Amino acid sequence: MLIRPRRNRKSEAIRNMVQENVVTVNDLIFPIFITEGNNKKIPVASMPGISRFSLDLLLEEINECIALGIQGFCLFPQYSEEKKDKFATESVNDEGLYLSAIRKIKADFPQICLMTDVAMDPYSSDGHDGLVENGKIVNDKTLEILAKMALAQCRAGADILGPSDMMDGRVGYIREAIDNEGFTDVSIMSYTAKYASAFYGPFRDALDSAPKFGDKKTYQMNPANSREAIIEAELDASEGADFLMVKPALPYLDIIRLLKDNFQQPIAAYNVSGEYAMIKAAAQNGWLDGTKAMNEALLSIKRAGADIILTYFAKEFALQVKSNS
Ligand code: PBG
């Protein structure tokens with residue numbers, strides 16, 4: 001045998017030398033949940049280690065994460081049922097939970113990159129990402145609502161807008177609306193290939209945002225399809241998206257690679273709540289090593305082609321890096 005691949009694995013020193021991919025804290029965006037009230041830290045039962053924080057405690061949490069080197073955060077709000085209506089009106093309430101939190105976070109931590117969520121579901125009495133009329137999700141009227149929401153978030157200080165709604169044409173519509181108001185520096189990370197996935201379950205528990213009827217299959221993509229992801233990516237790129245995201249991550253590594261090979265924009269992957277919950281649950285049962293599984297999962301997402309990973313593991317990963325250094 002002339003060629004023995006095991007030679008390049010014979011010691012840790014050589015393995016480290018030939019290692020092709022590495023995950024760093026710089027690659028990560030930490031999704032965080034805010035809830036109403038004061039001095040509240042309410043654990044999400046299906047996401048061990050993750051809580052919904054009131055603003056005061058969330059600021060402390062962000063401060064801890066910054067000390068660990070995390071620079072990217074994505075904020076999601078949990079509203080009580082009485083704040084919700086058909087039109088997601090609460091999403092543009094400047095004094096409401098979400099917009100005041102964005103202002104306060106950016107005032108206290110101007111150096112971080114704060115990503116916001118553009119979609120109706122946290123504020124919608126229907127629990128859908130778009131406007132519901134006669135039992136259907138209507139695209140073009142939703143765009144107007146999303147654009148107002150996006151503008152309000154820009155005014156509050158968002159660095160990156162994350163349209164997670166999957167309406168057609170929303171990236172271009174939002175881009176134009178915010179550019180017209182002078183927010184040309186605010187980025188858009190489009191949820192480009194967002195699949196209708198069972199892996200969002202724990203997130204919907206966290207936000208009480210599950211659809212009140214039906215499912216999201218008329219707007220989120222069919223898990224059976226990959227070529228459709230190219231159609232979505234071409235549209236988002238041509239409409240001015242700065243980043244293209246694939247979501248979920250682990251069951252869709254092929255889609256991450258597909259977009260990486262075909263587009264020049266940075267590719268993000270959302271390692272979603274259900275992916276997190278699976279590893280945590282197995283680790284709690286002693287069925288696998290949670291830390292090793294976390295590292296392998298994040299690395300595989302990187303290897304598939306993601307430049308950026310949104311993950312609930314961000315803090316745990318950063319803590320591990322710190323304790324190893
Ligand atoms: C909805 C939204 C969802 C997630 C982020 N934004 C769930 C959904 O589409 O129902 C899921 C994130 C996760 O599961 O971690 N706009």
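Use the structure listed above.
Cut-offs used in this document
- Numbering of residues begins from 1 in every chain and follows the order in which that chain's sequence is written.
- At least 70 in pLDDT is required for a residue's local features to be given in this predicted model, at least 80 for side-chain atom pairs to be given and counted, and no such filter applies to totals for whole chains, interfaces and linings, which use all residues.
- Here the side-chain values reflect all heavy atoms present in the structure, with hydrogen atoms and water set aside.
- Each helix is a run of DSSP H or I of at least 4 residues and each strand a run of E of at least 2, with the numbering of both proceeding from the N terminus.
- The atom set for the radius of gyration is the C-alpha atoms, and the globule formula is 2.2 Å times the number of residues raised to the power 0.38.
- By definition, residues are in contact when any of their heavy atoms lie within 4.5 Å.
- All accessible-area figures derive from a Shrake-Rupley calculation using a 1.4 Å probe, and residue coverage is judged against the displayed protein chains alone.
- The charged-residue count follows a simple rule in which Lys and Arg add positive charge and Asp and Glu add negative charge, with His and chain termini not counted at all.
- Charge positions come from single atoms, namely NZ of Lys, CZ of Arg, CG of Asp or CD of Glu.
- The definition used for a disulfide is geometric: two cysteine sulfur atoms within 2.5 Å.
- Only protein chains enter the accessibility calculation, which uses a 1.4 Å probe; a residue is then buried when its area is under 20% of its type maximum, exposed when over 50%, and partly exposed in between.
- In this description, a nonpolar core means a group of buried Ala, Val, Leu, Ile, Met, Phe, Trp, Tyr and Cys residues linked to one another through side-chain atoms lying within 4.5 Å.
- We call a residue near a molecule or strand as soon as one heavy atom of that residue lies within 4 Å of the molecule or strand.
- Here a polar contact means two N or O atoms within 3.5 Å. Within protein one must be a hydrogen donor candidate and the other an acceptor candidate, and residues neighboring in sequence count only if both atoms are side-chain atoms.
- Buried and open spaces are told apart on a 1 Å grid over the protein atoms alone, a cavity being a set of points where a 1.4 Å probe fits but cannot get out and a pocket being an open set with protein on both sides within 12 Å along at least five of seven lines. Residues with an atom within 4 Å of a point are the lining residues.
- Each molecule is assigned to a cavity or pocket provided more than half of its atoms lie within 2 Å of the corresponding grid points.
- When residue character is reported, Ala, Val, Leu, Ile, Met, Phe, Trp, Tyr, Cys and Pro are called nonpolar, Asp, Glu, Lys and Arg charged, and the others, Gly included, polar.
- Grid points are joined across faces, edges and corners, and a volume is the space filled by probe spheres set on the points.
- Within this document, salt bridges are pairs made up of a side-chain nitrogen of Lys or Arg and a carboxyl oxygen of Asp or Glu, the two lying within 4 Å of each other.
- Given a helix with a known number of residues, its expected span is that number minus one, times 1.5 Å.
- Only the contacting stretch of a helix is used when fitting its axis, a line to C-alpha atoms as for every element, and angles between N-to-C directions run 0 to 180 degrees.
- For classification purposes, an angle smaller than 35 degrees is called roughly parallel, one larger than 145 roughly antiparallel, one from 65 to 115 roughly perpendicular, and anything else oblique.

Participant: I would appreciate a short explanation of the overall build of the protein in the present structure.
Facilitator: When helices and strands are tallied, the protein shows eleven helices and twelve strands. Relative to the compact-globule value of 20 Å for 325 residues, the protein shows a C-alpha radius of gyration of 20 Å, a close match. Counting only C-alpha atoms and orienting by the principal axes, one finds that the protein spans roughly 70 × 45 × 40 Å. Within the protein, residue pairs in contact and separated by at least 24 positions form 73% of the contacts whose partners lie at least 6 positions apart. Summed over its atoms, the accessible surface of the protein is roughly 14,700 Å², and 51% of this surface lies on carbon and sulfur atoms. Put simply, the protein has 36 plus and 45 minus side-chain charges, and the middle of one group is 8 Å from the middle of the other.

Participant: Can you walk me through the state of the cysteines in this structure?
Facilitator: Two cysteines whose sulfur atoms are joined by a covalent bond form what is called a disulfide. Tallied over the full model, the rule gives zero disulfides. In this structure C74 is not part of a disulfide, and its nearest cysteine sulfur, from C113, lies 9.6 Å away. No disulfide involves C154; its sulfur sits 13 Å from the nearest other cysteine sulfur, which is in C113. A residue is classified by how much of its surface remains accessible, and C154, at 4% relative accessible area, is buried.

Participant: Sorry if this is basic, but what is going on with the nonpolar core here?
Facilitator: In a soluble, globular protein the nonpolar side chains are often hidden away together inside. Core analysis: the biggest nonpolar cluster contains 106 residues, and F33, L75 and M189 have the highest contact counts within it. In terms of residue count, helix α4 (residues 139–156) provides more of this core than any other element does, nine residues in total. The residues contacting L75, other than those within four sequence positions of it, are I32, I34, L58, Y98, A101, I102, I105, L114, M115, T116 and D117.

Participant: Hey, could you run me through the site of the ligand in this one?
Facilitator: Contacts to the ligand come from 17 residues, most closely from R204, K216, K247, S273 and Y312. Between the ligand and D121, the relevant distance is 3.0 Å, taken from a nitrogen atom to a side-chain nitrogen or oxygen of the residue. The separation between an oxygen atom of the ligand and a polar side-chain atom of S273 is 2.7 Å. The protein chains hide 100% of the 400 Å² of surface that the ligand would expose on its own. A molecule is said to occupy a pocket when more than half its atoms come within 2 Å of that pocket's grid points, and by this definition the ligand occupies the largest cavity. A per-class count over the shell around the ligand returns eight nonpolar, three polar and six charged.

Participant: Explain empty space enclosed by the protein to me, please; I cannot follow it from the model alone.
Facilitator: In this approach a probe as big as a water molecule rolls over the atoms, and the regions it shows empty are the leftover space. Under the criterion given, the structure shown has one cavity of 30 Å³ or more. By volume, the largest cavity is sized at about 130 Å³. In terms of lining residues, the largest cavity is bounded by 15 residues, among which D121, K194, Y200, F203 and K247 are the most central. For the lining of the largest cavity, the residue count by class is six nonpolar, three polar and six charged.

Participant: Teacher, can you tell me more about the pattern of salt bridges here?
Facilitator: Side-chain pairs of opposite charge can arise whenever the charged atoms involved come near each other. Taken as a whole and judged by the stated rule, the model has 23 salt bridges. With a closest N to O distance of 3.0 Å, K86 and D126 form a salt bridge. Residue K86 is located in the loop between β4 (72–78) and α3 (97–108), and its partner D126 is located in the loop between β5 (113–118) and β6 (131–133); the two are separated by 40 residues in the primary sequence. Since its relative accessible area comes to 13%, D126 is described here as buried. The salt bridge involving R175 is made with D242; its shortest N-O contact spans 3.9 Å. Taken together, the residues span a long stretch of sequence, with R175 in helix α5 (residues 170–180) and D242 in the loop between α7 (227–238) and β10 (243–247) at a distance of 67 residues. Residue classification places D242 among the partly exposed residues on the basis of a relative accessible area of 32%. If you follow the salt bridges from partner to partner, you end up with D121, D129, K194 and K216 in one network.

Participant: Explain α3 here, please?
Facilitator: Quick reminder: α-helices carry 3.6 residues per turn. Residues three or four places apart thus point the same way. End to end, α3 covers 16 Å across twelve residues, agreeing with the expected 16 Å (1.5 Å per residue, within 8%). Of all the residues in α3, the buried ones are L97, Y98, L99, A101, I102, I105 and K106.

Participant: When you look at the packing of helix α10 (residues 290–304) against helix α11 (residues 314–324) in this model, what are you seeing that I'm missing?
Facilitator: Each pair of packed helices gets described by two things: the angle between the helix axes and the distance between those axes. Orientation of α10 relative to α11, taken along the N-to-C sense of each, is 105°, at an axis distance of 11 Å. Taken together, the axis directions place α10 and α11 in an arrangement best described as roughly perpendicular. For the pair α10 and α11, contact is made by T291, M294, N295 and L298 and by E316, F317 and Q320, respectively. Across the contact of α10 with α11, the residue classes tally to three nonpolar, three polar and one charged.

Participant: Help me understand the layout of surface pockets, please; the structure alone is not making it clear to me.
Facilitator: As a volume, the largest pocket reaches approximately 310 Å³. Around the largest pocket, the lining is made up of 20 residues, and of these K41, G49, F53, E61 and K315 lie nearest the centre. At the level of elements, β1 (28–35), β3 (51–53), α2 (55–67), α9 (273–284) and α11 are the ones that each hand at least two residues to the lining of the largest pocket.

Participant: How should the packing of α3 against α4 be read in this particular structure?
Facilitator: One can describe the packing of α3 onto α4 by two numbers: an axis separation of 8 Å at closest approach and a directional angle of 30°. Looking at the two axes, α3 sits roughly parallel to α4. Within the contact between the two elements, α3 uses Y98, L99, I102 and R103 and α4 uses A152, Q153 and A156.

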